[in-house]
Number of protein chains: 2
Amino acid sequence: MKIALLGFGVVGRGVYDICQTLPGLEVVRILRRKGSPRELPIVTDCFEDIVNDPSVDCVVEAMGGLHPAREYLLACMAAGKQVVTSNKAVLAAFYDELSDAARSAGVAFGCEACVAGGVPFLAALRKAARVSPILGFSGILNGTTNYILSRMVDEGADFGQVLSAAQQLGYAEADPSADVDGLDVQNKAIVTCGIAFGFAPSHGQVPTFGIGSIQGQDVADILSMGRVPKLLATARREGDSLCCTVEPVLVERGSLEAAVPLNNNLASLEAQGIGTLKFYGQGAGALPTGNAVVQDLLDIAQGCKDTPPRTGGALQSDLSLLRARWWLRLSPEAAQRAKEELGAACESVRPRGEESVCLETAELPAQDFYALRSRLLALDPKLFAARFA
Amino acid sequence: MKIALLGFGVVGRGVYDICQTLPGLEVVRILRRKGSPRELPIVTDCFEDIVNDPSVDCVVEAMGGLHPAREYLLACMAAGKQVVTSNKAVLAAFYDELSDAARSAGVAFGCEACVAGGVPFLAALRKAARVSPILGFSGILNGTTNYILSRMVDEGADFGQVLSAAQQLGYAEADPSADVDGLDVQNKAIVTCGIAFGFAPSHGQVPTFGIGSIQGQDVADILSMGRVPKLLATARREGDSLCCTVEPVLVERGSLEAAVPLNNNLASLEAQGIGTLKFYGQGAGALPTGNAVVQDLLDIAQGCKDTPPRTGGALQSDLSLLRARWWLRLSPEAAQRAKEELGAACESVRPRGEESVCLETAELPAQDFYALRSRLLALDPKLFAARFA
C-alpha cells in the first residue's frame, strides 16, 4: 500500500520509521510546510502533489490543528483515498462531518492514534460494542499531566517545579495550557464518545477542568485521605442521555488508576456482560503513537473500511447522571460562600493555615457542583477542586 | 452464521446467552453428555449429528479436557467447519497438531477465550506482533489464586480459610489443585507463547510453582518488605531462546500488578517501539469468557481465517534468560542446606520463630535456583519460595 504523510513531526516521523520496517507499507510522499528541510526526496510542500497522485492509496494526517487539516482530510476522502488521522483536535471539532464524508466516499477513516497513543483503546471499544452497548468509559488520557501529578505525589514536589522538568524532557509544551487545562483530554473524550456511543458531544457539552491550580500541599492533604489525584475523562450513557466530564479525580490508593506512573495512560471501558476492562501503556511518543497509526494502516491494507461510527440520533447532555462528592481548597472568603450555598451538603470544613480552607461536599449532581464552582472561582481564581472517585 | 456448541457448562451457556442477543449468530446444535437434561430441542448427545450436519458453519468447543476434545476439534476441521475453542488444556497439549490441522483444512481456529477470559490479550499480542516481534509477556492469569492472595493480603487471612470461601463462591473447584498448583496458568502460558512467539513450549519446558504452601505469616512478611505476592506467568524471548515460567512473584506495592483485586486478571506484553501494554479485566465467568468466544465468532463471520501461528523452527528453552532474586520461607534444616549451597549468593537469613527461617538469595539464573529449590523441597515439603519482580 502506498502511503502519503501530511506532516512530519513526532508522529509523522514515527509512522515513517515503522513503515521502513514493514514491507507492505511504503511511504511515497511527505507533505511539509514551505521552507522545511527536504532531507528526503519524497518531501513536497504542495498538497496537490498528494491528493492528485493516483498512486497514493492512503493518506495519514499528522499535522495537528483544525485548518487546513479538515480541508485536506475532506479532499483526500473525496479523491477516494483511505485516510488515517492522529489529530484529535480536528476529529473532535468535525467528527460528524468527517465521518460522514468518509462513508459517502466509501473510504476507511482510521483514528486509533487520536486517543491513548499506543494503547489500543478505541479498537477495544469498537470490539466490545459489537457484543453489547458501551455503558461508560474513563481514563487517564494525558501523559503530561499524569507525569506532573505522579512526580508531585512521589516527591512532594510543587507544580511549577515539575512542569519545568516536564518541559525540559519534552513531555510538556512551552505553552502547556492545552495539557494542563484539560483541553487535550477534552478532545480525546469527545472522540472516545464518538467511537463508544456513535455520538460526539460538542466541547460545550463536556465540562472540563484542569490541574493548573493544584498545590504541593493539596497533594499532601489528598494523600493523607488515602487518595491520589489524577486527571480523568469519564463518560456514562443511559438511554439517550450522556454525561462526559474532564476533571481532577481523587482515586483510591491501591486502585489501578493510582498506580499509573509518569507519562502513561490507563483507559477503562464498561459494558454489559464483559464488565470493566482496562488498558495501560504509553499515551504519546513517536513510536507508540506511530504504532497506532500503523495498526490502522495494516487494517486498511487488509481491506478494513471502518469509519468512526454515528448512530444518527443525538444524545442529550445530562450532567445529573453524575452524582459525586467533591473536595475543594479555596480562600476563606470563597469557603464561607460555599458553606452558605451548600448548607447541609457541606460535609466538612477545615482551615489550612491563614489563607486556605479545605472543604468536602456531600453527594451532589455534577451540574449543581459545577455551577457553584464557577461562582466560587470568581471569589478565588486559584481554587482547586477534585471529585472523589 | 450457524453455530454448534460442544459442551454446555459455564462457558457454553455464556456463549449461548450472548448469541441469543446477536442476530447474526445462531446456535443450532448443542452437544451434551448422555443423560444430561435436554431443556432445549437443539441438544444432542451424538457428536456425529454436528460434524455431519452441513448447515453447521462453525463449532465452539467448550467441553474442556483433552479427550475427546482433541478428536472432535480435528474432526470438525476436517469436515471444513470453522472452529473456536475455550479449552486451554487441549490447545496447550496439542498446539502444533491443532493449528496445523486448521491451516491444512483452510478453516479459522479461534482461541481468544483460552487466556484471560474476557480480556482481549491474545488479540492484542497478535496485533502488536504485526508491527514488531514480541519481546516478552507476563500476567496474572488465574482469578482463583489472585482471589486467594488478594484476600490474604487485605484481611491477613490464612490460605485454607480463603480457599474455603473461594470454593463456596464458586471461584475455586472442589479439587483446587489445577488452580493452586499453577497448572491452569501453565496451560495459559503455553498457549500465550504460541500466539506471541509462534512456538508453544511443552509442559516440561515451563517450570511451574503454585501458591499452595503460602502461609498467612509469609504474606505479612512480604508486605513488610513493601511487596505483594502474585502468581505470575512470565515469558521472554531472545533470538531462538525462550524462557517461560509460572511462579509466585513479589511485585512492588504501588505497581499495577499489586493493585489487581480479587478474581481479576492483568496481562502485559512488551514489544519494540510500543513498549509495555497492560490489559485488565475478568479472567473467567460465563459472560466474560463467552464474550471472548463470541468475539472470535464475529471475526469469523466477517471472513477472518486466523489460526494460532507457528513460525516453524522450534525455540530452545533457556532458563538462564531469567536472572532474579528469590525469597524463601523454609525449615531451619532446609535453610542450613540453602546457606551452604548458596554461599555468597545467600543475601540474608532471618529466623522466624522456632520452626521457620526466611532467606533471600542474591541474583541467580533461574535454572540454578529451581534446581536448589527441588533439593530443598526434599528437606521441607512445605517450603514457600517467590521471585522478586
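It should be noted that the structure appears before, not after, this text.
Residues numbered from 1 in each chain as written. Chains lettered and ligands numbered in written order. Predicted model: local features only at pLDDT ≥ 70, side-chain atom pairs only at ≥ 80, totals over all residues. Heavy atoms only, no water.

Enquirer: What is the right way to look at the packing of aromatic side chains in this model?
Expert: Here the distance between the centres and the angle between the planes together describe a pair of aromatic rings. Within the structure shown, the criterion is met by 21 aromatic pairs over all chains. Relative to Phe384(A), the ring of Trp327(A) has its centre 6.4 Å away and its plane inclined at 65°; by these criteria the two rings are edge-to-face. Taken together, the residues Trp327(A) in strand 14 (residues 326-330) and Phe384(A) in strand 18 (residues 384-388) connect sequence positions 57 residues apart. Of the two residues examined, Trp327(A) and Phe384(A), each falls in the buried class. Relative to Tyr370(A), the ring of Phe369(A) lies with its centre 6.3 Å away and its plane at 65°, an arrangement referred to as edge-to-face. Across this residue pair, the class does not change: Phe369(A) and Tyr370(A) are buried. Counting every residue linked through ring pairs, the aromatic cluster contains Phe121(A), Phe279(A), Phe121(B) and Phe279(B). Between Arg325(A) and the ring centre of Phe388(A), over which it is positioned, the NZ or CZ distance is 4.3 Å. (Phe/Tyr/Trp six-rings, centres within 6.5 Å; stacked < 30°, edge-to-face > 60°. Helix = DSSP H or I, 4+ residues; strand = E, 2+ residues; numbered from the N terminus. Buried < 20%, exposed > 50% of the residue type's maximum accessible area, 1.4 Å probe, protein only. Lys NZ or Arg CZ within 6 Å of the ring centre and 35° of its normal.)

Enquirer: For this particular structure, what's the right way to read the interface of chain B and chain A?
Expert: On the chain A side, the residues contacting the 34 residues of chain B number 34 residues. Buried area between chain B and chain A, summed over both chains or domains, comes out near 2,800 Å², and the portion from carbon and sulfur atoms is 60%. Between chain B and chain A we count four salt bridges in total. Lys127(B) serves as the salt-bridge partner of Asp299(A), at 4.0 Å between the closest nitrogen and oxygen. Seen at the junction of chain B and chain A, the total is eight residue pairs in polar contact (both at pLDDT 80 or more). Sorting the residues of the side of chain B that touches chain A by element identifies helix 6 (121-131), strand 11 (275-282) and helix 12 (286-301) of chain B as the ones contributing at least two each. Two elements, strand 11 (residues 275-282) of chain A and strand 11 of chain B, share three bridges in a ladder whose sense is antiparallel. Along strand 11 of chain B, the bridge assignment pairs Tyr280(A) with Lys278(B). (Contact = heavy atoms within 4.5 Å. Buried area = accessible area lost by both parts, 1.4 Å probe. Salt bridge = Lys/Arg side-chain N within 4 Å of Asp/Glu carboxyl O. Polar contact = N/O pair within 3.5 Å; in protein donor to acceptor, adjacent residues only side chain to side chain. Pairing = 2+ DSSP bridges.)

Enquirer: It is not clear to me how the relation of the copies chain B and chain A should be interpreted in this structure. Could you clarify?
Expert: Copy one and copy two of the chain differ by a rotation about a common axis and a shift along it. Taken as rigid bodies, chain B and chain A are interconverted by a rotation of 180° and an axial shift of 0.0 Å, the fit giving an RMSD of 0.0 Å. When the rotation and shift are considered jointly, the pair of chain copies conforms to a two-fold rotation axis. When C-alpha positions in chain B are compared against the rotation axis, the closest is assigned to Phe279(B), at 2.4 Å. (Least-squares fit on C-alpha atoms with pLDDT ≥ 70 in both.)

Enquirer: I would appreciate a short explanation of the sheet that holds strand 6 (residues 109-110) of chain A in the present structure.
Expert: Each strand in a sheet pairs with its neighbour through backbone hydrogen bonds, running either in the same direction (parallel) or in the opposite one (antiparallel). Residues and elements named next belong to chain A. Within the open sheet, the six strands sit side by side as 3-2-1-4-5-6. Their pairing is parallel. At either margin of the open sheet sits one strand with a lone partner, and together these are strand 3 (43-44) and strand 6. Relative to strand 5 (residues 82-85), strand 4 (residues 58-61) runs parallel, the two being bridged by four bridges. Considered in strand 5, the bridge of Cys58 is made with Gln82. Against the sheet, helix 1 (residues 10-20) engages strand 1 (2-6) and strand 2 (26-31), with an angle of about 160° to strand 1. (Axes fitted to C-alpha atoms, helices over the stretch in contact; angles between N-to-C directions.)

Enquirer: What's the story with the packing of helix 6 (residues 121-131) of chain A against helix 12 of chain B in this structure? I'm lost.
Expert: In helix packing, the relevant descriptors are the interaxial angle and the interaxial distance, both defined with respect to the helix axes. The contact between helix 6 of chain A and helix 12 of chain B brings their axes to 10 Å, and the two run at 95°. Classified by the angle their axes make, helix 6 of chain A and helix 12 of chain B are roughly perpendicular. Packed against helix 6 of chain A, whose contacting residues are Lys127(A), Ala128(A), Arg130(A) and Val131(A), the element helix 12 of chain B presents Asn291(B), Val294(B), Gln295(B), Leu298(B) and Asp299(B) at the interface. Of the residues that constitute the contact of helix 6 of chain A with helix 12 of chain B, the class distribution is four nonpolar, two polar and three charged. (Parallel < 35°, antiparallel > 145°, perpendicular 65-115°, else oblique. Nonpolar A, V, L, I, M, F, W, Y, C, P; charged D, E, K, R; others polar.)

Enquirer: How should the nonpolar core be read in this particular structure?
Expert: A general feature of soluble globular proteins is that nonpolar side chains tend to end up buried together. Formed by 191 residues in total, the largest nonpolar core has its most connected members in Leu98(A), Phe121(A), Phe197(A), Leu269(A), Phe121(B), Phe197(B) and Leu269(B). Beyond its immediate stretch of four places on either side in the chain, Leu269(A) contacts Phe121(A), Ala124(A), Leu125(A), Ala128(A), Gly136(A), Phe137(A), Gly275(A), Thr276(A), Leu277(A) and Phe279(A). Listed in part, the 27 residues of the second largest apolar core include Val15(A), Ala62(A), Val294(A) and Leu297(A). (Core = buried A, V, L, I, M, F, W, Y, C linked by side-chain atoms within 4.5 Å.)

In short, shape yes, function no, at least from these values alone.
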